[in-house]
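Observations on the model geometry
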Amino acid sequence: MTDYEAVIGLETHIQLNTVTKVFCSCKADSWFDPPHTNICPVCCGLPGVLPVLNKAVVEKGVLLARAMNAEIRPLSFFDRKNYFYPDLPKGYQISQFDQSLARGGYLDLPIPAAASPDKQAYTRHVTIWKLHIEEDAGKTKVSNQRRLIDFNRCGVPLVEMVTGPDLRTADEAAQYLIRLRQLLRWLGISEADMEKAHLRCDANVSIRVRGETKLNPKTEIKNVNSIDAVREAIAREIERQIREVEAGRHIEAWTLEWDEDSGTLKKMRSKETEADYRYFREPDLLPIRLDEGWQRQILADFPELPLERRARFVEQYNLPEYDADILTSERKLSDYYENTVKSYGGDPKKVSNWLMNDVLRMINDQGLNPQEMQLTPDALAEILKLVDAGTININTGKALLQKVQESGKKPGAIVAEEGLGLVSDDSTIREVCQAVLAESPNEVAAYRAGKVTLIGWFVGGVMKKMRGKADASLARQILEDLLNEKNG
Ligand SMILES: [Zn+2]
């Protein structure tokens, strides 16, 4: 049987999280607002108005370009993309065509073993073909056979970013979107929520016999609004194309629409030729001049990126990749981890265990922001030190997490106040040990007859009586002494 491979390119539209739109002062994010409540003569294209560029849009675009290793153009231009559609009141979209904000770029995309066909992790080099600023059009929705238009989205700032045909599987496409979403949130330039259309994705899919280099006619999948749906839609389309080719038919360049409810692709239209958008320079806007000073200012606090930080965590803290990946899933979480490690000074892997198991569960269950928690990195570090020093046991330490989070008190203060410290007073523990042995003559006899594994059972009895606060190793020592001494 012929071995096929898929050739996939993704076209993403990223809504930047600016306060206002790209060329007017209307509110940018109006997801929850009624139709036509965030519009003005500029974004609706009434005669006699002029657009004014929102500086923040350029700055956020530059951050993304830098993160994608793209070259930033010192001089870039806006162009008009002309087409007629009911949701485009101006009759054109202001975009960037041949001299856009950035040129080139790439992302070295790690594909985890779980998303790899042969269960081996690998890296996919994804090139960036286009990265430019543009304004969004309005929203169209069909209801009761009527077409309804909402202009709120007109003029919402977008970055359009298009990859080369470099992805080879539906899983790789999903990984690309996962990493892009992580990056956008890390840089703080977009909420990147696909369900709210902050991040939209169209996928171009074709297949070829593995080993060939030519590109075959592709189909374009539109209207996919979650990462899972992108993965699913691409996988279905690859299967369909293979079936078609195997049956001796040609793949036609269709535009397909993903139907979320039925999980199927429907043909929207034939995509025979590219529309002629008659691009020309936007006469109402000046070019963007990104001189060195402005670029330096924008990039002054450019952060370490998630994949770099992930690699550093593995290297510097000797963490498994699994841990490093989770801890760098969000910038605030990775800062929290690193601050705890610094404050603690002990084994970084131990911090990772506590954070990933207990603290992260708390964060997720209660919807907390790591930066605003009462359980600060210093407080978590203090709990770890108390456990290390034998002042409290692990269970008490874990209970302290929630107590500190609720009260904002220092862990040490709570231990003192509530008497949570371990009892390591020899005579107190000895008394309890004697009581436990006196209550269990049969087990004592069995132990003395050679069933020494019963020691754990005796220790358990002591811990139960002391409600977990006995120093377990001391209790064990005393029990052994008592059991052996009477024997001799
Ligand atoms: Zn407006």
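This one's a predicted model, so the numbers in the text were calculated from it and none came from an experiment. (Residues numbered from 1 in each chain as written. Predicted model: local features only at pLDDT ≥ 70, side-chain atom pairs only at ≥ 80, totals over all residues.)

As a further point, take the overall build of the chain. Helix and strand counts for the chain come out as 15 helices and 17 strands. Relative to the 2.2 N^0.38 estimate, which gives 23 Å for 488 residues, the radius of gyration of the chain is 31 Å and therefore markedly larger than a compact globule would have. Projecting the C-alpha coordinates of the chain onto the three principal axes gives extents of approximately 100 × 60 × 50 Å. Looking at the chain residue by residue over its 488 residues, the buried ones come to 36%. Considering only contacts within the chain whose residues lie at least 6 apart along the sequence, 69% involve residues at least 24 apart. (Helix = DSSP H or I, 4+ residues; strand = E, 2+ residues; numbered from the N terminus. Rg over C-alpha atoms; globule rule 2.2 N^0.38 Å. Buried ≥ 20, exposed ≤ 12 C-beta atoms within 10 Å, placed from the backbone. Contact = placed C-beta atoms within 7 Å.)

Here the domain parsing of the chain yields domain 1 (4–294), domain 2 (306–418) and domain 3 (426–487). Contact residues are listed per partner, giving five residues for domain 1 and five residues for domain 2. By residue number, the principal contributor to the side of domain 1 that touches domain 2 is helix H2 (residues 170–187), which donates four residues. Of the residues that constitute the side of domain 1 that touches domain 2, the class distribution is three nonpolar, one polar and one charged. (Domains from an automatic or database assignment. Nonpolar A, V, L, I, M, F, W, Y, C, P; charged D, E, K, R; others polar.)

Looking now at the sheet that holds strand E5 (residues 92–95). For sheets, the rule is that strands pair by backbone hydrogen bonds, running either parallel or antiparallel. Taken together, three strands build an open sheet; the order of strands is E5-E4-E16 and the sheet is antiparallel. Each end of this open sheet is capped by a strand with a single partner; those strands are E5 and strand E16 (280–281). Sheet analysis places strand E4 (residues 79–82) next to E16, joined by two bridges and oriented antiparallel. Within the sheet, the bridge partner assigned to Arg80 lies in E16 and is Phe280. (Pairing = 2+ DSSP bridges.)

Attention shifts here to the sheet that holds strand E1 (residues 4–15). Ordered by their spatial adjacency, eight strands build an open sheet running E7-E8-E11-E1-E12-E13-E14-E15, and the pairing between neighbours is mixed. The outermost strands of the open sheet, each flanked by one partner alone, are strand E7 (106–111) and strand E15 (264–270). The sheet shows a mean angle of 30 degrees between the axes of neighbouring strands, taken without regard to direction. (Axes fitted to C-alpha atoms, helices over the stretch in contact; angles between N-to-C directions.)

When the terminal C-alpha atoms of helix H10 (residues 394–407) are compared, their 20 Å separation across 14 residues agrees well with the 20 Å that a helix rising 1.5 Å per residue should span. Leu400 marks where H10 bends most, by close to 25 degrees. For H10, the full list of buried residues reads Thr396, Gly397, Leu400, Lys403 and Val404. Close packing links the buried residues of H10 with helix H9 (377–388) and helix H11 (411–418). Following H10 by one or two positions, Gly408 has its phi on the positive side, about 75 degrees. (Expected span 1.5 Å × (residues − 1). Bend = angle between axes of the 7 residues up to and from the residue.)

Glancing now at the nonpolar core. Core analysis: the largest hydrophobic core is formed by 70 residues, its most contacted members being Ile8, Leu131, Ala173, Ala203, Ile221, Val230 and Ile234. Per element, the largest residue contribution to this core is nine residues, and it comes from H2. Residues Trp354, Val359, Ile383 and Cys433 belong to the second largest nonpolar core, which totals 40 residues. (Core = buried A, V, L, I, M, F, W, Y, C linked by C-beta atoms within 7 Å.)

Quick look at the pairing of E1 now. Pairing of E1 with strand E12 (residues 199–209) involves eleven bridges; the strand directions are antiparallel. Residue Glu5 lies in a different strand from E12, and its bridge partner there is Arg208. The sheet contact formed by E1 and strand E11 (residues 157–163) spans five bridges and is antiparallel. Note that in E11 the partner of Glu11 across the bridge is Val162.

Here strand E14 (residues 254–259) shows a buried face lined by Trp254, Leu256 and Trp258 and an unburied face lined by Thr255, Glu257 and Asp259. Sheet topology places strand E13 (residues 219–224) next to E14; three bridges connect them, and they run parallel. When the bridges of E14 are listed, Lys222 appears paired with Glu257. As for the winding sense of the linkage, the β-α-β connection from E13 through helix H3 (residues 227–246) to E14 is left-handed. In terms of strand pairing, E14 meets E15 through six bridges, oriented antiparallel. The residue bridging Trp254 from the neighbouring strand is Ser270, located in E15. Between E14 and E15, which pair antiparallel one after the other, the connecting turn spans four residues, and Gly263 there sits at a positive phi close to 65 degrees. (Right-handed = clockwise from strand over helix to strand, strands pointing away.)

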